[in-house]
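Now for the letters of each chain:
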Amino acid sequence: MITGTGITKTYKQRGDVLGSREVRALRGVDFAVPRGGAVSFIGESGCGKTTLGRIIAGLETHDSGEIVIDGTPMTPLSPRRRRPYFRRIQLIHQDPYSALNPTRTIHQTLRAPLELRARQTGRPGSWIDQRAGELLSLVGIDPGYVLGRYPHQLSGGMRQRVVIARALTVDPEMLVADESVSMIDVSMRLSILALLKDLRERLGVSLLFITHDIATARYIGDAGELYVLYRGQVVERGLTESVIHEPVHPYTQALLSAIPVLHGLERPGRERVVPTEALDERHADEGCLFARRCPFRTERCEKELPVLAGCQDSSHEHACFHPQRRAVIPVEAVA
Amino acid sequence: MTTLSHGPSGSPGSHSSEEGDLVAGPAAPPPPGVRVRDLVVVYKTPLGELPALGGVGLTVDPGTITGIVGESGSGKSTLALSLLNAVQPPGRIASGSVEIDGLGDVVRLDGDPLRRARGRHLGYVFQAAQNSLNPLKTIGKQLLDLGRSHGVADLAALVRDAKDLLGRMGLDGARVLDSHQHELSGGMRQRVGIMLALVLNARLVILDEPTTALDMITQATILRIIREIHKERGLTTLMITHDMGVAAEVTDHLAVMYGGQVVEHGRTTEVLGSPAHPYTQGLIRAIPRLSGDITKASALPGRPPTLGTLPKQGCVFQERCPVRMDVCATVAPPPVTTHGRTVACHATAAAPPLDGRKEQP
Amino acid sequence: MSVTVPQTELQPGLSGTRAALRRNFWRGVARVLRRKPSRMVGVAIVALFLLMAAFGPMLYPAHLPRDNNALYAPPSLAHPFGTDFEGTDVLALVVTGARYVILTGLVTAVITVAAGTLLGLLAGFHRGRWDTALMRLTDLQLTIPGLPLLLVLSTVWKFQGPLAMGLVLGLLGWGGIARAVRSQTLSLRERGFIEAARGLGLSTTHIIGRELLPSMAPYIAMNMLIAVTGAIYAQVGLFFLGVLPFDSNNWGVMLNLAVFGGGALTSAAALPYLLAPLLAILLLTLGIVLVVDAMDEIFNPRLREE
């Protein structure tokens, strides 16, 4: 179980002599990923989802708030003491090309963390190569084919599988997949997603799925929770299917409306809102963060910041003063 | 905006110096059609010359907005470049023709006529991610460069047209023209790309991955703009994309490419609603959707071919095909057109399609 | 699993063992060098000079014979590059002088590259305070004007042979490499594979030695070769200027004597004496430049194998 409460992160952008500008990447985010569960973070670029993923994977530090891994709060620990906890959380990078060292064979790439693992657990040296083979088979590739090869000799899909196998070398408790299929050919994406799903079911690894594409989140986390992030704030959260079918926050509705409709297979949703693009939002810090773009805003929205709360209208939480269900997602066309 | 905005006024389109009569007006000519025949493009590799396009045939009706969908290695980008006769070495157009109404066979054009045709007849919109704009010059300067290189006499009118176009796409034209590339967001840059492709009154527009690297909401806006501008200006539009959804949202016709071939081509709603080629079927099944039963989504086995791994003979899709027959290994299926739908598949051609089906090993 | 891969026999250990990798590496190097004839020429030239440095002095007596009857003799079959003011064969002087020149070059290169790479890696990888301190040190080194310092140094300290010479040149030259390696490290450490290695808990030694360093190998090798040429120019220049004692045989000494002693710039007689060491320097530089061209392909497995 991995939880976070009130996570904030502010980046300082280097400005001129008069001072630097601050970018608030995360404005107090709460989350919880149960053991073996699947959770998705959804949002556009700049919403803070990647920063949050990197903080959870221990690759970045947050400013305030607390991350608790299996009951142990991380803040009181020294960076050295934290490391073994964060090792249980492995990040799967977006780009499998840069995630593998081009000068090392797959065998070398897998061997290094396995050697460490063998030392930690007191296993014999012979275990290392055997385990490397097991892991590659587990992610669906033939060890005999890839072990002696360099990353450039593999296809994008195979590379991503190797990256996943490498993450599994340390027996992680959670995989953080940040846009993990966006650079892979369309026809192969689903097989990688299916692999992640399969690993969750077979190994009980929990999955944190970070993406801008709600449809893939629906595929991977159909049983889990979905968090919609906007400008560093969670604006809606709930069970994946529930958020997708009964979105109440206008931003969630805008995101869902933006997904292309497969005309011929589906019809656009009745209340699909053609959303407006992001304006210059840097200084609009007063009131609801989405107010400037929101077609349903009122005076209250421009003055007060809504906080995440439950409502009787739906089974999920949202941060909106005027929540209303809208049918924005496409419906299946009847043949 | 100081230098560009105060030009003498002129009637719309009057900046077109030598081809003034070709410009859209009350009696605008119909949008051009495109006919690609037996187009073969080869790339020189250490393994010899390999075909990126293996005899592509594609007819684009005037006034349509056609999507060309394919994965990496399908040849969609090569096809787009061929329409401009802009295939770069080590590639070359080996044979075939690309007939564009009002231009003739583009493959035969070269030198100055070809350069003039690009921009005036053919507008090309580059990927938003790709830096096709000069980072050192303002957008306005680049617009003037474009005008001068095409011999536009009335540059002030050109600037006015550009502003109108940008305004139509929801931007402050004067401000954008005065900006450098880095001052614009991805969505704004993409609009500038569309403006530059259209400002010389090109009637055939090719969009290369127009929404890659854009946010979902920006993508939706750009797609809407593409659709609207296409209608308003009476264009023939070709959109190259790897994203079936993007193509489905905007286009009325869809051509699916695989391994250097157009394997299926027809009306978008029909191709999506009842795909005939096994590759199209597999690709559509592999898209996670918001509607319907998500558990029915399933991956397409195997992986896309590269130049070197294409089958030497027979159907390009044979290795991943669930309905492969003996004939597929030896004979390339010819494209067959029925009721406006073109499909290149032995299994589809043989009716009923279940006959001769083989189990995949 | 929905992936199809060619079923090959699982060969445990064999495909991945270090010996096999090393064998493949050298086979790849040979392939890269064969790809362009110019590279083979470069390798041949560099090999020739290395042999000269190693065995040249053994081919001739410790004191080269003089011939008072053939002072400044023109090129002939016996003396391909003529003779010098004492009647000594110029070719013999060039060959025996190679050891000093090349040894200095190598020592300098090893020192600059070792110091530069180490400091650059540490600064780039640890960033923060380490970075600031090391880079100030580098700036300090870079602001030291090399030539004037050498001139001053040579008046108080007589360089004891090529090793001392190389040491001094090396300590004056590592700054540029340190800066370059640091910037490379800064960009590489953001790459996914370095981040993954940290996330997996691999040691810093492993990350720097096994992940970062090999990625920078072409860069380092190139800098090393260029440092060799730089060092050769520097020391030949010092000898030419006459600020170092002529206690040994050296191309720079030859140049100095040809110009200032033999008047090679005004009379044709000493011209071969001048041209021979110049030609040697040019040829060696050319050889190194031709080899540098192959470095990128040698250390990049993708370019190596294609």
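Residues numbered from 1 in each chain as written. Chains lettered and ligands numbered in written order. Predicted model: local features only at pLDDT ≥ 70, side-chain atom pairs only at ≥ 80, totals over all residues. Heavy atoms only, no water.

### Topic: the overall build of chain B
Next, step 1: Across its full length, chain B carries 11 helices and 12 strands.
Next, step 2: Among the 361 residues that make up chain B, the fraction classed as buried is 53%.
Next, step 3: Restricting the contact set of chain B to residue pairs at least 6 apart, pairs at least 24 apart contribute 67%.
Next, step 4: Within the structure as shown, chain B displays about 15200 Å² of accessible surface, and the carbon and sulfur contribution to it stands at 54%. (Helix = DSSP H or I, 4+ residues; strand = E, 2+ residues; numbered from the N terminus. Buried < 20%, exposed > 50% of the residue type's maximum accessible area, 1.4 Å probe, protein only. Contact = heavy atoms within 4.5 Å. Areas by Shrake-Rupley, 256 points an atom, 1.4 Å probe, with all protein chains shown as cover.)

### Some words on the environment of S155(A)
Next, step 1: Checked against the element boundaries, S155(A) lands in the loop between α6 (143–146) and α7 (156–168).
Next, step 2: Sequence separation between S155(A) and D185(A) is 30 residues, and the spatial gap between their C-alpha atoms is 9.8 Å.
Next, step 3: Contacts of S155(A), omitting those with residues within four sequence positions, involve M188(A) and R303(B).

### Re the interface of chain A and chain C
Next, step 1: Contact residues are listed per partner, giving 40 residues for chain A and 32 residues for chain C.
Next, step 2: Where chain A abuts chain C, roughly 2900 Å² becomes buried across the two surfaces, and 60% of that area is made up of carbon and sulfur atoms.
Next, step 3: Remark: the boundary between chain A and chain C carries two salt bridges.
Next, step 4: When the shortest N-O distance is used, the salt bridge between E195(C) and R54(A) registers 2.6 Å.
Next, step 5: Run the count over chain A and chain C and you get eight residue pairs in polar contact (both at pLDDT 80 or more).
Next, step 6: It is helix α4 (residues 106–121) of chain A that provides the largest number of residues to the side of chain A that touches chain C, a total of five residues.
Next, step 7: When its residues are assigned to classes, the side of chain A that touches chain C shows 17 nonpolar, 15 polar and eight charged. (Buried area = accessible area lost by both parts, 1.4 Å probe. Salt bridge = Lys/Arg side-chain N within 4 Å of Asp/Glu carboxyl O. Polar contact = N/O pair within 3.5 Å; in protein donor to acceptor, adjacent residues only side chain to side chain. Nonpolar A, V, L, I, M, F, W, Y, C, P; charged D, E, K, R; others polar.)

### A closer look at the domain arrangement of chain A
Residue and element names in this part refer to chain A.
Next, step 1: Considered domain by domain, chain A is made up of domain 1 (2–12 + 22–88 + 172–332) and domain 2 (106–167).
Next, step 2: The distance between the C-alpha centroids of domain 1 and domain 2 comes to 31 Å.
Next, step 3: Each partner contributes to the interface: domain 1 provides 13 residues, whereas domain 2 provides 10 residues.
Next, step 4: Of the roughly 940 Å² buried between domain 1 and domain 2, counting both surfaces, carbon and sulfur atoms make up 70%.
Next, step 5: Taken as a group, R87, I192 and L195 account for 39% of the area that domain 1 buries against domain 2, more than any other trio of residues on that side.
Next, step 6: Put simply, domain 1 and domain 2 have zero salt bridges between them.
Next, step 7: The tally of links between domain 1 and domain 2 comes to two residue pairs in polar contact (both at pLDDT 80 or more). (Domains from an automatic or database assignment.)

### As for the packing of aromatic side chains
Next, step 1: Under the defined criterion, the tally for this structure stands at 13 aromatic pairs over all chains.
Next, step 2: Ring centres of Y100(C) and F239(C) lie 5.5 Å apart, and the angle between their planes is 85 degrees; this geometry places the pair in the edge-to-face category. Here Y100(C) is found in helix α3 (residues 90–126), whereas its partner F239(C) is found in helix α9 (residues 204–241), with 139 residues between them in sequence. F239(C) matches Y100(C) in its accessibility class, with the two residues each being buried.
Next, step 3: Through a chain of ring-to-ring contacts, the aromatic side chains of F31(A), F41(A) and Y227(A) assemble into a single cluster.
Next, step 4: Note that K197(A) overlies the ring of Y219(A), its terminal NZ or CZ placed 4.4 Å from the centroid. (Phe/Tyr/Trp six-rings, centres within 6.5 Å; stacked < 30°, edge-to-face > 60°. Lys NZ or Arg CZ within 6 Å of the ring centre and 35° of its normal.)

### Some remarks on the sheet that holds strand β9 (residues 225–230) of chain A
In any sheet, the strands associate via hydrogen bonds between backbone groups, in a parallel or an antiparallel arrangement.
Residues and elements named next belong to chain A.
Next, step 1: Overall, mixed pairing links the seven strands, which are arranged β6-β7-β8-β3-β9-β10-β12 in an open sheet. Here the strands that pair on one side only, and so sit at the sheet edges, are β6 (89–92) and β12 (317–318).
Next, step 2: Two strands pair when backbone bridges link them, and strand β3 (residues 38–42) and strand β8 (residues 206–211) are joined in this way by five bridges, in the parallel orientation. Considered in β8, the bridge of I42 is made with T211.
Next, step 3: Set on the sheet, helix α1 (residues 49–56) makes contact with β3, β6, β7 (174–178), β8 and β9; between it and β8 the angle comes to about 150 degrees. (Pairing = 2+ DSSP bridges. Axes fitted to C-alpha atoms, helices over the stretch in contact; angles between N-to-C directions.)

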